[in-house]
Amino acid sequence: MSPQPSDAAEIVGAKHASASPDATPTNQPSPRSIDSDSEKHHSNDGGNDPAIPGDVRAKLPIEDEIEADADLESEDDPEISQIPPEVRRIVSLHDDVTLPTLTFRYFLLSVIFVIPGAFLSQMNSFRTTYAPYSVFFVQIAANYVGLWLARVLPERPIRVPFTSWSFSLNPGPWSSKEHVLVTITAASGATGNQGTTPIAVGELYFNERLHPAAAIFFMWAIDATGYAFAAIARQVLLYEPTYPWFQALCQTALFETQNRQNKNPTPTARKQMRVFWLVLLGITLWQFLPEYVFPMLSSMAFLCWVAPHNPVANFVGSGLGGMGFLNLSFDWANISNYNAGVPLFLSPWWSQVVLFASFVMSCWVLLPAAKWGHLGSYSHCLMTNRACTADGDKYPVSSLITSNSGFNQTAYEENGPMYLGAHYLWSIFFDYASYFSAYSWIVFFGASKIRDAYRKFRARQANAGQGINHQYTDRLNVLMRSYPEVPLWWYIVLFLASFVSIMTIVGLDLLFIPWWTYFVAIATGAIVVIPLGWLYAVSNFQLPIGTFNELLYGTMVQNLSHHRNPIGASVYGSIAGDAWYRAQYMLQDQKIGHYMHVPQRAVFFSQVFGIILGVPTNYAAMRWILDTKRDFLTGEVEDAAHIWTGQSIAGYLTMGVQYVIIGPTKLFQQEQWRPIPYAFLVGAACPAIIYFLHRLFPRAKFHLWNTTIFFSGASIFYGNVSTGYFSRFIGGFIEHTSRAIYSFLIPYLMYWAYRYRYQLWSKYNFILAAAFDAGFNLNMLLIFLIFGSAKVISMPNWWGNDAGNVEKCYALD
């Protein structure tokens, strides 16, 4: 089913890349031979990367060296010098245009990996902590299954009925491009969907059950809108070689390693795979303990063990409703916790330090100040993100809504103003600060790069009629000239399909928002794609901006006499927020296709195919959660393990009532809300301060103290779970060695491994990342199938599963 070139000479000419513009056309690199001497030279030369000390490289066996591309011999070549060194060390500078892409094996494996992944990811989104369905797991497992299918499938052609089309069940050896496309499809479809949030809020709190067809089309449309938005930023961020997109580069490193292993397996390759499967099996079995049999392992509150009936010790030591001081977790869901926005295996150490510093400030400084130091004017509801009354009781937020979705002034006067706990209030403060900090940080640290990219974009307009790859001269773009570019009208059709879907649902008054606010949502989403996409491309940090979207929506509708249902805020936030999230993911996966020389149109198809498979599965997972965990999510029944707390859903409900029912104007007039507007000033000013400190003291590395990451970490609500962050911080020191050891004796092993045992670090880092996340998700699937799919089987209470409190914090209020 993949297109095949018709001219044999073009095929041979495209298999290898070289820099000989005088001998070949500009869109076809000339052939190049690689003799054994040059191969030997590169296998023994780790390159000039200063991160790999020369004495270490000299002591390593040849097979342990990172294979360098022969093109590195010509680093003065303009085609090569434009590519950053860290990219040149990883990405192949050759291409074979004859490799199959959209094959029967691709479609089969996409279905196998997307459907269970979409279900697990959506289920994870309702948990307090979670580890996502690992794309590294798909990347590794799909390679094994693909190799197996290439051996066992028959090679006979299959004709499509009533057409002249045919395809082969087995078009030849398993190709790296099929492998990339299966992984991209899983990354697109095997994820959660933010559109489930307003659907869940409406059903849990207002008994508003959206029709399944409308729900699925809404969920699909917001994903498709984001993918259409990618057309805006790809001109600036995708083809520019200086933007590495670190997550894409990480996956590319694994793709290249697997491709080499498939062609010529080595003892090192077999050892890597053995480590992967052993760690996956170990994590799968281990997670039965903290997740089901021995929940106490999820939060080891040592202070509670010493004084189980002391309220102060309980609050300080508890990780499930307290400060989490000196609290350790042996649950991978708590340690990895992707809610933090800084993946443990994939993020640099400095970003983990910044994140931990924000946790210390929020939990170990502000929480005790609010608990015992009278921080804030409201002393109740410190550890909840639900709205409360003046006396600290749960606020009946649904009573503020009339039958026609208006504001019930009588109920508001009876119940009084709606209060928020101090912790949730400063979470909102830092959330606003992080949003403005992101823009301010770009102004001071990234404006020149974006300006240069824009100038290049304007200069390219003079060469109309050529693909964008012809407007760059680095080797990677030269190779991609062999494939036709995705036409702009494909993105336009995708956007129009999503636009018609949402406008139809809004027109039927099923989504609780005025039709014109949809236009504002897509406009604001489009505006932030480039600046926040740039932040993600250069730092691997993705900023959540959901709270600001709700504030903006509330400002627009607060003076209306209709469309005052709080669900509307979540609908608006899903459209405006998820759209640019999806745009970033699409750009990231397209960058992987760019690095791996996969045809652009095949990548585009694989991404759209992913959401077609994933969205209905997301809806099915949400349906199961709402039907079986409803009492936990609404707070009517408390989950002893604090897993199904519904804190995220409750937070969206609270925001909806605040911004839609009460309105921003009335809200900011309340005493406890008056400091909140200063968050915008703090967020805008702090990057300026860091910038000037960096200019005054360049060796102090002030630029690593990214205020956006710090504020975003401080905006996390730790009221239900504050465990895992201390373990995460310690684990970050020893990253890529052992996650089961938490000791102050080994805080510098991660740095030591990266600096002085780089080959060991690079060889096992992503293998371990895939194994840990995949093992956790496999365990969740097994627990669901064994203990919860047909009949719920609860674990009997025992010392490690205490009915009173799993942490032994009996005096925790």
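Structure's up top.
Asks: I tried to follow the state of the cysteines on my own but got confused; where do I start?
Replies: When the sulfur atoms of two cysteines share a covalent bond, that bond is a disulfide. This model, assessed by the stated rule, comprises two disulfides. Here Cys304 engages in a disulfide with Cys809; their sulfurs sit 1.9 Å apart. Across the S-S bond of Cys304 and Cys809 the torsion is about 95°, and the bridge reads as right-handed. Placement of Cys304 in helix α14 (residues 302-306) and of Cys809 in the segment after α34 (758-787) is noted, with a sequence separation of 505 residues between them. Both residues of the pair, Cys304 and Cys809, count as buried. Here Cys381 engages in a disulfide with Cys388; their sulfurs sit 2.1 Å apart. Torsion about the S-S bond of the Cys381 and Cys388 cystine: about -120°, corresponding to left-handed handedness. Relative accessible area serves as the criterion here: at 14%, Cys381 is assigned to the buried category. Disulfide partners in the protein chain, listed by the sequence order of the bonded cysteines, are 1-4, 2-3.

Asks: Just to check I follow, could you spell out the pattern of salt bridges for this structure?
Replies: Counted under the stated rule, the structure contains nine salt bridges. Notably, a salt bridge pairs Glu178 with Arg105, separated by 2.6 Å at the nearest N-O pair. Remark: Arg105 occurs in helix α6 (residues 104-124) and Glu178 occurs in helix α8 (residues 176-189); sequence separation between them is 73 residues. There is no split in this pair, since Glu178 and Arg105 are both buried. Where Asp802 meets Lys808, a salt bridge forms, and the shortest distance between an N and an O atom there is 3.1 Å.

Asks: Is there a simple way to think about the packing of helix α25 (residues 567-595) against helix α26 (residues 600-628) in this case?
Replies: When two helices pack together, their arrangement is given by the angle between the helix axes and the distance between those axes. Interaxial distance between α25 and α26 falls to 10 Å at its minimum, and their mutual angle equals 140°. Here α25 is positioned oblique relative to α26, judged by the angle of their axes. Between α25 and α26 lies a crossing of right-handed hand. Between α25, through Arg582, Tyr585, Met586, Asp589, Gln590 and Gly593, and α26, the contact on the second element is made entirely by Val603, Phe604, Gln607 and Ile611. Of the residues contributing to the contact of α25 with α26, the split by class is five nonpolar, three polar and two charged.

Asks: Would you take a moment to explain the packing of aromatic side chains for this structure?
Replies: Two aromatic rings are characterised by how far apart their centres lie and by the angle between their planes. Considering all chains together, one arrives at 51 aromatic pairs under this definition. Ring pairs connect the aromatic residues Phe229, Phe495, Phe499, Trp515, Tyr518 and Phe519, which therefore count as one cluster. Over the aromatic face of Phe315 sits the side chain of Lys371, whose NZ or CZ is 4.8 Å from the ring centroid. Just above the ring of Tyr412 sits the side chain of Lys666; from NZ or CZ to the centre is 5.4 Å.

Asks: Would you mind showing me how to read unusual backbone geometry here?
Replies: Most peptide bonds take the trans form, and the phi angle of most residues other than glycine is negative. Of note in this structure, His374 is not a glycine but carries a positive phi near 60°. Relative to the helices and strands, His374 resides in the loop between α17 (349-372) and α18 (409-415).

Asks: Where do I start with the packing of helix α9 (residues 196-206) against α26 in this structure?
Replies: Packing of α9 against α26 brings their axes to within 11 Å, and their N-to-C directions diverge by 25°. Judged on the interaxial angle alone, α26 and α9 are roughly parallel. Regarding α9 and α26, the two cross each other, and that crossing is right-handed. Between α9 and α26, the residues in contact are Thr196, Ile199, Ala200, Glu203 and Leu204 and Met622, Arg623 and Leu626, respectively.

Asks: Where do I start with the environment of Thr628 in this structure?
Replies: Examined against the element boundaries, Thr628 turns out to sit in helix α26. Residue classification places Thr628 among the partly exposed positions, given a relative accessible area of 40%.

Analysis parameters
- Every residue gets a number counted from 1 within its own chain, in the order that chain's sequence is written.
- Confidence filtering applies because this is a predicted model: local features only for residues at pLDDT of at least 70, side-chain atom pairs given and counted only at 80 or more, and all residues used for totals across whole chains, interfaces and linings.
- Processing note: side-chain calculations cover all non-hydrogen atoms of the structure and skip hydrogens and water entirely.
- Note on disulfides: each one is a pair of cysteine sulfur atoms within 2.5 Å.
- Strands are runs of DSSP state E lasting at least two residues, helices are runs of H or I lasting at least four, and both sets are numbered from the N terminus onward.
- Think of it in three bands: with a 1.4 Å probe and only protein chains considered, a residue is buried below 20% of the maximum accessible area for its type, exposed above 50%, and partly exposed in between.
- Here, a salt bridge means any Lys or Arg side-chain nitrogen found within 4 Å of an Asp or Glu carboxyl oxygen.
- Lines fitted to C-alpha atoms define the axes here, with helix axes fitted over just the stretch in contact, and angles between the N-to-C directions of these axes take values from 0 to 180 degrees.
- With respect to orientation, any angle under 35 degrees is reported as roughly parallel, any angle over 145 as roughly antiparallel, any angle of 65 to 115 as roughly perpendicular, and every other angle as oblique.
- Left-handed is the label given to a crossing in which the near helix is rotated counterclockwise from the far helix by less than a right angle, and right-handed is the label when the rotation is clockwise.
- Contact definition: two residues touch when any of their heavy atoms are within 4.5 Å.
- Just so you know the grouping, Ala, Val, Leu, Ile, Met, Phe, Trp, Tyr, Cys and Pro go in nonpolar, Asp, Glu, Lys and Arg go in charged, and all remaining residues, Gly too, go in polar.
- For Phe, Tyr and Trp, where Trp contributes only its six-membered ring, two rings pair if their centres lie within 6.5 Å, and the inter-plane angle classes them as stacked under 30 degrees, edge-to-face over 60, or tilted in between.
- Two thresholds decide whether a charge sits over a ring: the Lys NZ or Arg CZ must be within 6 Å of the ring centre and within 35 degrees of the ring normal.

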